[in-house]
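Working through the structure, step by step
The chain contents come next:
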Amino acid sequence: MELDLHEPIKRALAKARQAYESKDLDRAASAYEKAANLMSLYAEQATGREAEQRRKRKSLEYREMAHKLRAGEFAERGDPAAPLPEAKATAPGSSGAIPAGGDIKSIVTNLMVHANVTWEDIGGLDDSKNEIKFALGMTLAQQPDHVKVAAWTKILFYGPPGTGKTLLAAATSNAVRSGEDVPSVFYNVKISSVLSKYFGESSKILSELYGTARDTSPSVVFLDEFESLCGRRDAGDTGAERRILSTLLSELDGMDQKGRPDLYVLTIAATNRPWDLDPAVLSRFEKKILIPLPDAATRERILRIHLERKGYRTAVPYAELADLTNGYSGREIERFCKEVTTGMIEEMNHDIPRLVDQGLDQVRKHRIRVRELNREDFDAAARLIHPQTTAAEMERYVRWKESVQEE
Ligand SMILES: Nc1ncnc2c1ncn2[C@@H]1O[C@H](COP(=O)(O)OP(=O)(O)OP(=O)(O)O)[C@@H](O)[C@H]1O
Ligand SMILES: [Mg+2]
């Protein structure tokens, strides 16, 4: 659904300017925050990549304005009537007024996503979800008088491929929103692609990323494929790699965050190879959560998410399907469900290719036929999917978990 956000954004910006002119910097900052949030929703609706990037950049600039206002940067000038930088108050439709802000900035902007994954979209993993919620709650709740509760800012997810690590990170970022209508900001960094594409610049990208994440606080930085960034420092490692590592360590230690207790940037790292991580980095992570292959009860919940919740009916009880998918990861279960349902739909709708030949009108008139899924459907799909993670490999994760707990 396309909402017209143009007007609300314009109104928020007008309000910001008005508040600024009447020296109400706090209200101006809030109005900029609102404009930034609306603009980032607007970015999601963009049909072209260029428009999307332009809007994301504007959103970040509005947020930066809010940040500067709150930090008192404008108040110090003693000239509240000084005009805000022109670009900040332009309407969203106008283009060209906003400087690109350099390549690094736009690379970082491109990493920004808005996740709409919720806890309910993730089957099982109740303990992990709870652990994360505890970490968030303890950090974001009000501190008791005269007691300083330590903040949780670094969580590592490890485990076999396809078990829900990325999903969990996305749901976490969704939970870190400040309100219903405020989209959360989630920086999804696939390390290997950042490393290979911008190798020389990786360290700069990382600093810029954390700077931006602080500007959009509360936010979540998700470092996927973490082992490719923080492999052990043995032979063959280059100056650039060392620089990346030291930048990361200082960001993880929150050097620049010090003195700003109001900011919250949660780093979530994910890896399939925790044993390859540099010990210095590893020791920074206050929580290390194993995301294992799903057990039978979890498989049943995942199957229900991908079948029942999508409206499919099955003649085979879910408990039996959970048995059939023993050893599967969440991703393999999702693929299994897709095989089963598309197989059934193809069988029930042989005439679709012919209708497509006859033109769009004919296709549009056709309503896709479905039927209840049966044992043969599931058996056929199960023959196609071979679990990637063996029991021995799963055992290695459990052993690693025990080894770090003993430390
Ligand atoms: N617990 C789960 N509940 C529902 N769906 C799941 C679950 N785990 C995995 N899936 C499905 O598998 C897909 C892949 O999951 P996800 O990307 O979170 O795995 P991952 O652990 O990050 O894998 P990798 O280590 O390969 O990055 C999801 O998009 C989802 O459809
Ligand atoms: Mg992942």
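Computed from a predicted structure; not experimentally measured.

Analysis parameters
Residue indices follow the written sequence of each chain, beginning from 1 at its first position. Chains carry letters and ligands carry numbers; both start at the beginning, A for chains and 1 for ligands, and go up in the order they are written. Restriction of local features to residues with pLDDT of at least 70 applies here, the model being predicted, together with a cutoff of 80 or more for giving and counting side-chain atom pairs; totals for whole chains, interfaces and linings are based on all residues. A run of H or I in DSSP becomes a helix once it reaches four residues, and a run of E becomes a strand once it reaches two; helices and strands are each numbered from the N terminus. The exposure label follows from counting other C-beta atoms within 10 Å of a residue's C-beta, where the C-beta atoms are placed from the backbone and the thresholds are 20 or more for buried and 12 or fewer for exposed, leaving partly exposed in between. It is the C-beta atoms, placed from the backbone, that decide contacts: two residues are in contact if theirs lie within 7 Å. We call a residue near a molecule or strand when the C-beta position, derived from backbone atoms, sits within 6 Å of it. In this count, Pro and Cys sit with the nonpolar residues alongside Ala, Val, Leu, Ile, Met, Phe, Trp and Tyr, while Asp, Glu, Lys and Arg are called charged and the others, Gly among them, polar. Per the annotation, domain bounds derive from an automatic or database assignment of domains. For a helix, the expected span equals 1.5 Å multiplied by the residue count minus one. Think of a nonpolar core as buried Ala, Val, Leu, Ile, Met, Phe, Trp, Tyr and Cys residues chained together by C-beta atoms that fall within 7 Å. Note on pairing: two strands pair once DSSP finds at least 2 bridges between them. This arc is taken over the directions from the axis of the helix to the C-beta atoms. Each axis is a line fitted through C-alpha atoms, and for a helix only the stretch in contact is used; angles between axes span 0 to 180 degrees, taken between their N-to-C directions. Small angles under 35 degrees read as roughly parallel and large ones over 145 as roughly antiparallel, with 65 to 115 read as roughly perpendicular and the rest as oblique. In this scheme, a crossing is called left-handed if the near helix is turned counterclockwise away from the far one by less than a right angle; it is called right-handed if the turn is clockwise. How sure the predictor is of each residue is captured by pLDDT, a score from 0 to 100.

Helix and strand counts for the protein chain come out as 17 helices and six strands. Looking at the protein chain as a whole, 35% of its 407 residues qualify as buried. Sequence-distant contacts, at least 24 apart, represent 79% of the contacts inside the protein chain between residues at least 6 apart.

The next point concerns the site of ligand 1. Taken together, 18 residues sit near ligand 1, with P161, G164, K165, T166 and G330 positioned nearest. The set of elements that each furnish at least two residues to the shell around ligand 1 consists of α6 (165–175), α11 (296–306) and α13 (330–348). Taken together, the residues that form the shell around ligand 1 break down as seven nonpolar, eight polar and three charged. Looking at which domains feed residues into the shell around ligand 1, each of domain 2 (113–293) and domain 3 (296–388) gives three or more.

Take the environment of A150 next. Mapped onto the elements, A150 comes out in the loop between α5 (126–140) and β2 (154–158). Judged by local crowding, A150 falls into the exposed class, with 8 C-beta atoms found within 10 Å. As for A150 and T139, which are separated by 11 residues in sequence, their C-alpha atoms are 7.2 Å apart.

All right, on to helix α2 (residues 25–44) then. What sets the pattern is the α-helix's 3.6 residues per turn: residues three or four places apart point alike. A rise of 1.5 Å per residue sets the reference length of α2, with its 20 residues, at 28 Å; its end C-alpha atoms lie 29 Å apart and thus fit the reference within 8%. Counting buried positions along α2 gives 15 out of 20 residues, so the element sits mostly inside the fold.

The biggest cluster of nonpolar side chains holds 49 residues, and the ones touching the most others in it are I155, F157, L168, L209, V221, F222 and I268. Broken down by secondary-structure element, the contributors of at least two residues to this core are α5, β2, α6, β3 (185–190), α8 (202–215), β4 (219–224), α9 (239–252) and β5 (265–271). The biggest single contributor to this core is α6, with six residues. Setting aside its immediate chain neighbours within four residues, F157 contacts K165, L168, I268, A270, I289 and I291. Ranked by size, the runner-up nonpolar core spans 21 residues in total, among them A12, A31, A35 and Y62.

This part covers unusual backbone geometry. The phi dihedral of K23 falls on the positive side, at around 65°, and the residue is not glycine. By the secondary structure assignment, K23 is in the loop between α1 (6–21) and α2. A tally of 13 C-beta atoms within 10 Å means that K23 is categorised as partly exposed. Residues other than glycine seldom take positive phi values, yet H146 does so here, at roughly 60°. Looking at the element boundaries, H146 is found in the loop between α5 and β2. Its 5 C-beta neighbours within 10 Å are what place H146 among the exposed residues.

If a strand is regular, its side chains alternate between the two faces of the sheet. Of all six residues that make up β4, six are buried, and the element is covered over most of its length. Of the two faces of β4, the one carrying S219, V221 and L223 and the one carrying V220, F222 and D224 are both buried. Bridging between β4 and β5 involves five bridges; their strand directions are parallel. Following the sheet pairing, L223 is matched in β5 by A269.

With that settled, the discussion passes to helix α16 (residues 375–384). Buried within α16 are the following residues: D377, F378 and A381. The buried residues of α16 all sit within an arc of 90° when viewed along its axis, so they share a single face. Turned more than 90 degrees away from the buried face of α16, the exposed residues are E376, D379 and R383.

One way to put it is that α1 packs onto α2 with a least axis distance of 8 Å and a crossing angle of 160°. Judged on the interaxial angle alone, α2 and α1 are roughly antiparallel. Taken as a pair, α1 and α2 cross one another with a handedness that is left-handed. Here P8, I9, A12, L13, K15, A16, A19 and Y20 of α1 lie close against α2, whose contacting residues are L25, R27, A28, A31, Y32, K34, A35, L38, M39 and Y42. For the contact of α1 with α2, the class distribution of residues is 15 nonpolar, no polar and three charged.

Let us look at the confidence of the model for the protein chain. Averaged over all residues, the pLDDT of the protein chain is 82; the fraction at 70 or higher stands at 83%. The element-level mean pLDDT for the protein chain is lowest in helix α7 (residues 191–197), coming to 67, with helix α12 (residues 318–324) highest at 97. For the stretch residues 76–101, pLDDT sits under 50, and the model shows 33 contacts to residues farther than four places along the chain or on other chains.

You can see P274 is positioned in the loop between β5 and α10 (279–282). P274 gets classed as buried once you count the C-beta atoms within 10 Å, which come to 24. The spacing of P274 and Y158 is 116 residues in sequence and 6.3 Å in space, taken between C-alpha atoms. Not counting residues up to four positions away in its chain, the partners in contact with P274 are Y158 and W400.

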